[in-house]
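Next come the chains, spelled out residue by residue.
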Amino acid sequence: MSYIWAGMLLLAVVFSAVNGTGNLLSAAALQGAQSGIELSIAMAGAICLWSGVSAVMEKAGLTGTLAKVFRPVICRLFPSARKDDGVAQSITGNVCANLLGLGNAATPLGIQATQRMSRYAPEGEASDEMCRLIVMNTASIQLIPANVAAVRASLGCAAPFDILPAVWFTSVCSVAAGLAVAWLLGRARRHD
């Protein structure tokens, strides 16, 4: 991937030199850097807010309640969650963080769950359930797309959450498609 980015950067410099637009390239690079910083600050506020909400939910016992609600589905998708309560809690935390649109908070929980699941997989091999977790974490069903709403708000959108129906539909479809493909590839691998 670094070769692709380096190639794109090199092409931009070469074409700006050939066209005599080096001053426009440097102005665009500076403006892009400034926009990146502004976006990072706007996103940091939203991430702090929703991470705080997540912490309050955990302290209030709502996460534990959600764990009980999700447990039948989680145990069906991830058999090691039946054996290891830590796996179930990490996966539930991951799912809850993704539901709130907090991919940054969900990732450490997903890593923790994957590390615990690796105890039940052959050495150095990703099990089917580990692959399913990665698919679910990456596609993630989002009830509140906090990060996307923060980006939209920072760019001046008057109603950053008006995308909710589209987000709900597409996130459910992406998780369903991802899990179906993971299941099919897992079956194909076992039959080889």
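Keep in mind that this is a model prediction, so the values were computed, not measured. (Residues numbered from 1 in each chain as written. Predicted model: local features only at pLDDT ≥ 70, side-chain atom pairs only at ≥ 80, totals over all residues. Heavy atoms only, no water.)

## A look at the overall build of the protein chain
A tally of regular secondary structure across the protein chain gives 9 helices and 0 strands. For the protein chain, the N- to C-terminal ordering of α and β elements is α-α-α-α-α-α-α-α-α. Taking 192 residues into account, the globule formula puts the C-alpha radius of gyration at 16 Å, and the protein chain, at 21 Å, lies well above it. For the protein chain, the spread of C-alpha atoms along the three principal axes comes to 65 × 45 × 25 Å. Per-residue burial over the protein chain gives 31% buried out of 192 residues. Counting only carbon and sulfur atoms, one obtains 69% of the accessible surface of the protein chain, whose full area is about 12,000 Å². Across the protein chain, the centroid of the 13 positively charged side chains sits 8 Å from that of the 10 negatively charged ones. (Helix = DSSP H or I, 4+ residues; strand = E, 2+ residues; numbered from the N terminus. Rg over C-alpha atoms; globule rule 2.2 N^0.38 Å. Buried < 20%, exposed > 50% of the residue type's maximum accessible area, 1.4 Å probe, protein only. Areas by Shrake-Rupley, 256 points an atom, 1.4 Å probe, with all protein chains shown as cover. Lys, Arg positive; Asp, Glu negative; His and termini not counted. Charge placed at Lys NZ, Arg CZ, Asp CG, Glu CD.)

## Comments concerning the environment of Ala-139
Along the polypeptide, Ala-139 turns up in helix α7 (residues 128-139). Put simply, Ala-139 and Val-172 are 33 residues apart on the chain and 8.5 Å apart in space, counted from C-alpha to C-alpha. Apart from the residues within four sequence positions on either side, Ala-139 is in contact with Ser-174 and Val-175. (Contact = heavy atoms within 4.5 Å.)

## Some details on unusual backbone geometry
Unlike most non-glycine residues, Ser-140 shows phi in positive territory, near 40 degrees. Topologically, Ser-140 is positioned in the loop between α7 and α8 (146-154). Note on Ser-140: relative accessible area 4%, which makes it buried.

## Remarks on the nonpolar core
With 17 residues, the main nonpolar core has Phe-78, Ala-81, Ile-91, Met-117, Leu-133 and Met-136 as its most contacted residues. At 5 residues, helix α5 (residues 85-99) tops the list of elements feeding residues into this core. The contact partners of Ile-91, leaving out residues within four places of it in the chain, are Ile-74, Phe-78, Ala-113, Met-117 and Leu-133. Membership of the second largest hydrophobic core comes to 6 residues, among which are Met-57, Ala-97, Leu-102 and Ala-106. (Core = buried A, V, L, I, M, F, W, Y, C linked by side-chain atoms within 4.5 Å.)

## A look at helix α9 (residues 164-191)
With 28 residues, α9 extends 41 Å between its outermost C-alpha atoms, agreeing within 8% with the 40 Å of an ideal straight helix rising 1.5 Å per residue. Every buried residue of α9 is accounted for by Leu-164, Val-167, Ser-171, Val-175, Gly-178, Leu-179, Ala-182 and Gly-186. Contacts made by the buried residues of α9 are with α7. (Expected span 1.5 Å × (residues − 1).)

## Re the confidence of the model for the protein chain
Within the protein chain, residue pLDDT values average 84, and 97% of them lie at 70 or more. Here helix α3 (residues 62-77) is the element of the protein chain with the lowest mean pLDDT, 80, and α9 is the one with the highest, 90. (pLDDT = per-residue confidence, 0-100.)

## Digging into the side chain of Asp-128
With respect to the element layout, Asp-128 can be found in helix α7. Look at Asp-128 and you get buried, because its relative accessible area is 19%. If we skip the residues at most four places from it in the chain, Asp-128 touches Gly-186, Arg-189 and Arg-190.

## Quick look at the packing of α7 against α9
The geometry of α7 relative to α9 is characterised by a closest axis approach of 9 Å and an angle of 160 degrees between their N-to-C directions. One way to sum up the angle between α7 and α9 is to call them roughly antiparallel. Regarding α7 and α9, the two cross each other, and that crossing is right-handed. Residues Asp-128, Arg-132, Val-135, Met-136 and Ala-139 of α7 form the contact with α9, whose own contacting residues are Ser-174, Val-175, Gly-178, Leu-179, Ala-182, Gly-186, Arg-189 and Arg-190. In terms of residue class, the contact of α7 with α9 is built from 6 nonpolar, 3 polar and 4 charged. (Axes fitted to C-alpha atoms, helices over the stretch in contact; angles between N-to-C directions. Parallel < 35°, antiparallel > 145°, perpendicular 65-115°, else oblique. Left-handed = near helix turned anticlockwise from the far one by under 90°. Nonpolar A, V, L, I, M, F, W, Y, C, P; charged D, E, K, R; others polar.)

## Describing the environment of Cys-48
Mapped onto the fold, Cys-48 is located in helix α2 (residues 22-59). Note: C-alpha distance between Cys-48 and Ser-16 (32 residues apart in sequence) is 40 Å.

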